[in-house]
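Coordinate analysis (summary)
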Amino acid sequence: MPQTSQNQRQKVCSNTSPRGHLSWSQLQLFEKDPNIYYQVYFEGLDQFRTKYLELGKRMATTLENGFDEEHDPLFELMAVFMPAYPLREFDIAAEFEGIPLVGKLDGFNERALVVGEYKSGKHWTQGMADKSGQLTFYALLVWLKYGKLPSDIFLHWARTDEDLEGNLKLTGEIKTFRTKRTMKDLILFSPRIKSAWAGICELGEFTKQQ
């Protein structure tokens, strides 16, 4: 697999990406480890289904249905008390300087341009919500599509913990962090998109030559 420099990644490239677009999950994985990105998106390596991903999937299903299929009282409690949105699992797409971006918003009020994101985990803080690259990515998508920044962004956190056997469980604690994004935030974030896209497309060119 070729090595890419920072300067190379800043260049606008032809679309040779494996999905034809850039999502937050792709951006995050490429930044974390280009080699793993290559294995997953170009070679078809299955990503590990961790207990954290499984719990997140169960949370999403519970929120979508309004009840837990296993009738766990803590999941049922979450379904009742987690804030709801007019649109769930909302697909949004836009183009940024020739780069096709896509996202899936957990919750969205299209009229008010309010974004909601549901999270689990042991630890979330206001500072983490304010610095979340995922929420900045979504704010950029909203701005590109609607010509306005989100009026509000909310991160809704259902706290999790592990039992003595290491199994994940909800604790019943739910917190909401309200955050904002400014044009300055989007401008500062944009080089990450350009760099990742250039690097991914370079991997695509390399793959075509094999």
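Scoring rules and cut-offs
Residues numbered from 1 in each chain as written. Predicted model: local features only at pLDDT ≥ 70, side-chain atom pairs only at ≥ 80, totals over all residues. Heavy atoms only, no water. pLDDT = per-residue confidence, 0-100. Contact = heavy atoms within 4.5 Å. Phe/Tyr/Trp six-rings, centres within 6.5 Å; stacked < 30°, edge-to-face > 60°. Helix = DSSP H or I, 4+ residues; strand = E, 2+ residues; numbered from the N terminus. Buried < 20%, exposed > 50% of the residue type's maximum accessible area, 1.4 Å probe, protein only. Pairing = 2+ DSSP bridges. Axes fitted to C-alpha atoms, helices over the stretch in contact; angles between N-to-C directions. Lys, Arg positive; Asp, Glu negative; His and termini not counted. Salt bridge = Lys/Arg side-chain N within 4 Å of Asp/Glu carboxyl O. Polar contact = N/O pair within 3.5 Å; in protein donor to acceptor, adjacent residues only side chain to side chain. Patch = residues over 30% accessible without salt bridge, like charges linked within 9 Å, V, L, I, M, F, W, Y side chains within 5 Å. Areas by Shrake-Rupley, 256 points an atom, 1.4 Å probe, with all protein chains shown as cover. Core = buried A, V, L, I, M, F, W, Y, C linked by side-chain atoms within 4.5 Å.

1. A closer look at the confidence of the model for the chain
The predicted model of the chain has a mean per-residue pLDDT of 90, with 93% of residues at 70 or higher. Confidence over residues 1-11 falls short of pLDDT 50; this stretch has 25 contacts with residues more than four positions distant or in other chains.

2. Quick notes on the packing of aromatic side chains
For the coordinates displayed, the defined rule picks out 13 aromatic pairs. Here the aromatic rings of Y38 and F206 are separated by 6.2 Å at their centres, their planes lie at 55°, and the arrangement is tilted. Highlighted residues: Y38 in helix 3 (residues 34-42) and F206 in helix 8 (residues 183-208), separated in sequence by 168 residues. With a relative accessible area of 11%, Y38 lands in the buried category. On the basis of relative accessibility, which here comes to 21%, the residue F206 falls in the partly exposed class. Geometrically, the ring pair formed by F137 and F189 is edge-to-face, given 6.5 Å between the ring centres and 75° between the ring planes. Separated by 52 residues along the polypeptide, F137 in helix 7 (residues 133-146) and F189 in helix 8 bring together distant segments of the chain.

3. Regarding the pairing of strand 2 (residues 99-109)
Bridging between strand 1 (residues 87-96) and strand 2 involves 9 bridges; their strand directions are antiparallel. If you follow E95 over to strand 2, its bridge partner there is P100. Linkage of strand 1 to strand 2, two consecutive antiparallel strands, is achieved through a turn of 2 residues, within which E97 is found at a positive phi near 50°. Judged from the 3 bridges that link them, strand 2 and strand 3 (residues 114-121) form a sheet pairing that is antiparallel. Bridge pairing in strand 3 places G107 opposite G116. The turn joining strand 2 and strand 3, which pair antiparallel and follow one another in sequence, is formed by 4 residues; a positive phi near 55° is taken by L113.

4. Some remarks on the sheet that holds strand 4 (residues 152-162)
Overall, mixed pairing links the 5 strands, which are arranged 1-2-3-4-5 in an open sheet. Strand pairing shows two members of the sheet lacking a second neighbour, strand 1 and strand 5 (168-179), which therefore form its edges. Across this sheet, the average inter-strand angle for adjacent strands is 35°, counted without regard to direction. The strands touched by helix 7 within the sheet are strand 1, strand 2, strand 3, strand 4 and strand 5, with strand 1 carrying the most contacts at an inclination of about 70°.

5. Here's the deal with the side chain of D106
For D106, the position within the fold is in strand 2. Among buried charged residues, D106 stands out as having no salt bridge; its nearest opposite-charge side chain is R88, 4.9 Å away. Of the polar contacts made by the side chain of D106, one reaches the backbone nitrogen of Y118; its length is 2.9 Å. With near-sequence residues (within four places) excluded, D106 lies in contact with L87, R88, E89, G116, E117 and Y118.

6. Topic: a nonpolar patch on the surface
On the surface, a nonpolar cluster with roughly 360 Å² of combined accessible area is contributed by L74, L77, V80 and F81. Looking at the element boundaries, L74 is found in helix 5 (residues 73-81). Residue classification places L74 among the partly exposed positions, given a relative accessible area of 31%.

7. Some details on the nonpolar core
In this structure, L22, L101, F137 and I193 are the most contacted members of the largest nonpolar core, which totals 40 residues. Contributing elements (two or more residues each) for this core: helix 2 (24-32), helix 3, strand 1, strand 2, helix 7, strand 4 and helix 8. It is helix 8 that provides the largest number of residues to this core, a total of 8 residues. Not counting residues within four places of it along the chain, the set of residues in contact with L101 comprises L22, I92, A93, A94, F96, F137, L140, L141, L144 and I193. Listed in part, the 13 residues of the second largest apolar core include M59, L63, F75 and Y118.

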